Amino acid sequence: MGSDDSSKLNFTRKRDRSPPLSDSNAPATPNPRDVGTLGENFVAEWLQQKGWEILQRQWHCRWGEIDIIALGTDEEGEINRGKENSRFPIPDSQILAFVEVKTRRRGNWDADGMLAVSVAKQAKLWQTAEIFLSDRPDLANNHCRFDVALVRYEPSRQNTQQMSSSTVANYQSALAGSYRLTLQEYIRSAFSH
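Heads up: these notes are all about the structure in this document. All figures in this text were calculated on a predicted structure; none of them were measured in a lab. (Residues numbered from 1 in each chain as written. Predicted model: local features only at pLDDT ≥ 70, side-chain atom pairs only at ≥ 80, totals over all residues. Heavy atoms only, no water.)

Turning next to the overall build of the chain. Assigned secondary structure in the chain consists of four helices and seven strands. Scanning the chain from its N terminus toward the C terminus, one meets helices and strands in the order α-α-β-β-β-β-β-α-β-α-β. Relative to its full complement of 193 residues, the chain shows a buried share of 34%. Put simply, 65% of the contacts in the chain that link residues at least 6 apart link residues at least 24 apart. For the chain, the accessible area works out to roughly 12,100 Å², and carbon and sulfur atoms hold 47% of it. (Helix = DSSP H or I, 4+ residues; strand = E, 2+ residues; numbered from the N terminus. Buried < 20%, exposed > 50% of the residue type's maximum accessible area, 1.4 Å probe, protein only. Contact = heavy atoms within 4.5 Å. Areas by Shrake-Rupley, 256 points an atom, 1.4 Å probe, with all protein chains shown as cover.)

Before going further, it helps to spend a moment on helix α3 (residues 119-135). Between its terminal C-alpha atoms α3 stretches 25 Å, which fits the 24 Å expected from 17 residues at 1.5 Å a residue. Three or more residues of α3 are buried, namely L125, T128, A129, F132 and L133. With its buried residues spanning 140 degrees around the axis, α3 presents them on a single face. For α3, exposure combined with an orientation more than 90 degrees from the buried face picks out V119, A120 and S134. (Expected span 1.5 Å × (residues − 1). Arc of directions from axis to C-beta.)

Turning next to the packing of aromatic side chains. This structure, assessed with the given rule, holds seven aromatic pairs. Ring geometry for Y153 against Y179: centres 5.3 Å apart, planes inclined by 85 degrees, an arrangement best described as edge-to-face. Taken together, the residues span a long stretch of sequence, with Y153 in strand β6 (residues 143-160) and Y179 in strand β7 (residues 173-191) at a distance of 26 residues. The class of Y179 is buried, set by a relative accessible area of 13%. Pairwise contacts between aromatic rings join W59, F98, W126, F132, F146 and F191 into one cluster. (Phe/Tyr/Trp six-rings, centres within 6.5 Å; stacked < 30°, edge-to-face > 60°.)

Pairing geometry for strand β1 (residues 53-60) and strand β2 (residues 65-72), over six bridges, is antiparallel. The residue bridging W59 from the neighbouring strand is I66, located in β2. Turn length for the β1-β2 hairpin, with the two strands adjacent in sequence and antiparallel, is four residues. (Pairing = 2+ DSSP bridges.)

Looking now at the pairing of strand β5 (residues 95-105). Successive residues of a regular strand alternate their side chains across the two faces of the sheet. Burial analysis of β5 places nine of its 11 residues in the buried class, the great majority of the element. Where β2 lies against β5, five bridges are found, and the strand directions are antiparallel. Bridge assignment links I69 to a residue of β5, and that residue is F98.

Here the focus is unusual backbone geometry. A positive phi angle, close to 50 degrees, is found at Q58, a residue other than glycine. When you line up the elements, Q58 lands in strand β1. The phi dihedral of S189 falls on the positive side, at around 50 degrees, and the residue is not glycine. Among the secondary structure elements, S189 is positioned in strand β7.

Don't take any of this as a statement about function, it's just geometry.
Right, dumping it as structure tokens:
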């Protein structure tokens, strides 16, 4: 077999591996990165509706990426301190929230994304936050916490280009693209180091 023959063979193999043309009526398989970005956009709008200022989106360094970094105060002016549910007020203090967003479909394997925030993932987020604060020492005096937002998505028959902010604020659900997004749970102070 000559070199021309082997290049034709490789071209044929590559062409044969390509997926068959999809039926226009069949639902397209969503790109996980695109769906994740839709979930992050949804949570960022939800936080803004609650009065939070979004400082960074998808901030990354060599340790990892933080989906959303937001500055604000809780509605109640209190901070939930993890599983003990003890609350204490922080007068006139802003909170710097490092938010990890997990966007999942119904029937997922990892408890709507919560199992994906493993101890190793938490350590990476912690290191990434420390590097962010070293770049922004003006924010280091704020109370810092790590929040986790669990978003569910499902295909929708409607196709919209933008989310309705009133929908986000009032119902914790919105249409984005060809998906309905729902904020399943927003966990304040989900973990600490």
